[in-house]
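Reading the structure
What follows is each chain in one-letter form.
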Amino acid sequence: MKDSCVVLETWTHHCALCHKEWEHTYEAWHVDNGCGRSAVTWRDHGHLVPAPWSDPACPACSSPARARAVTAR
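Worth saying up front: this structure is predicted, and the values here are computed from it rather than measured.

Calculation rules
Residue numbers here run from 1 along each chain, matching the order of that chain's written sequence. The model is predicted, so local features are restricted to residues of pLDDT at least 70 and side-chain atom pairs to those at 80 or more, both for listing and for counting; the totals for chains, interfaces and linings are taken over all residues. The basis for the side-chain values is all heavy atoms of the structure; hydrogens and waters are excluded. Planes of paired rings set the category: under 30 degrees apart is stacked, over 60 is edge-to-face and the rest tilted, where pairs are Phe, Tyr or Trp rings (Trp by its six-membered ring) whose centres lie within 6.5 Å. Going along the chain from the N terminus, every DSSP run of H or I of four or more residues is numbered as a helix, and every run of E of two or more is numbered as a strand. Exposure is judged per residue with a 1.4 Å probe applied to protein chains only, and the accessible area is read against the type maximum: over 50% gives exposed, under 20% gives buried, and values in between give partly exposed. The way it works is a 1 Å grid over only the protein atoms, where trapped points that fit a 1.4 Å probe form a cavity and open points with protein on both sides within 12 Å along at least five of seven lines form a pocket, and then any residue with an atom within 4 Å of a point lines it. Grid points are joined across faces, edges and corners, and a volume is the space filled by probe spheres set on the points. Gly is put with the polar residues, along with every residue not named as nonpolar or charged; the nonpolar set is Ala, Val, Leu, Ile, Met, Phe, Trp, Tyr, Cys and Pro, and the charged set is Asp, Glu, Lys and Arg.

**Regarding the packing of aromatic side chains**
Any aromatic ring pair is given by two values, namely how distant the centres are and how the planes are angled relative to each other. All told, the structure shown has four aromatic pairs when counted by the stated rule. Ring geometry for Trp11 against Trp42: centres 6.2 Å apart, planes inclined by 85°, an arrangement best described as edge-to-face. Taken together, the residues span a long stretch of sequence, with Trp11 in strand 1 (residues 4-15) and Trp42 in strand 3 (residues 38-44) at a distance of 31 residues. Residue Trp11 is classed as buried on the basis of its relative accessible area of 12%.

**Some words on the layout of surface pockets**
Taken as a whole, the largest pocket spans an internal volume of roughly 150 Å³. Surrounding the largest pocket, 13 residues form its lining, His24, Tyr26, Val49, Pro50 and Pro56 being those nearest its centre. With three residues, strand 2 (residues 21-32) is the largest single contributor of residues to the lining of the largest pocket. In terms of residue class, the lining of the largest pocket is made up of eight nonpolar, three polar and two charged.

If you want it as structure tokens, here you go:
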């Protein structure tokens with residue numbers, strides 16, 4: 001049987017271009033594959049999204065290449 005759990009993680013992002021800082025809460029879906037390994041998928045309101053550290057677009061200047069995840073809490 002596969003075990004799974006959903007953890008809410010809030011990440012702080014910083015745009016190196018316009019210096020805006022923002023927070024976003026992601027759903028981290030942890031799933032056991034049944035063979036002793038686990039996988040994590042990231043979701044936003046149930047929709048599959050890239051991992052928080054994979055260059056999210058800045059909400060102020062829309063620059064995807066300049067934003068970076070700073071911390072998770």
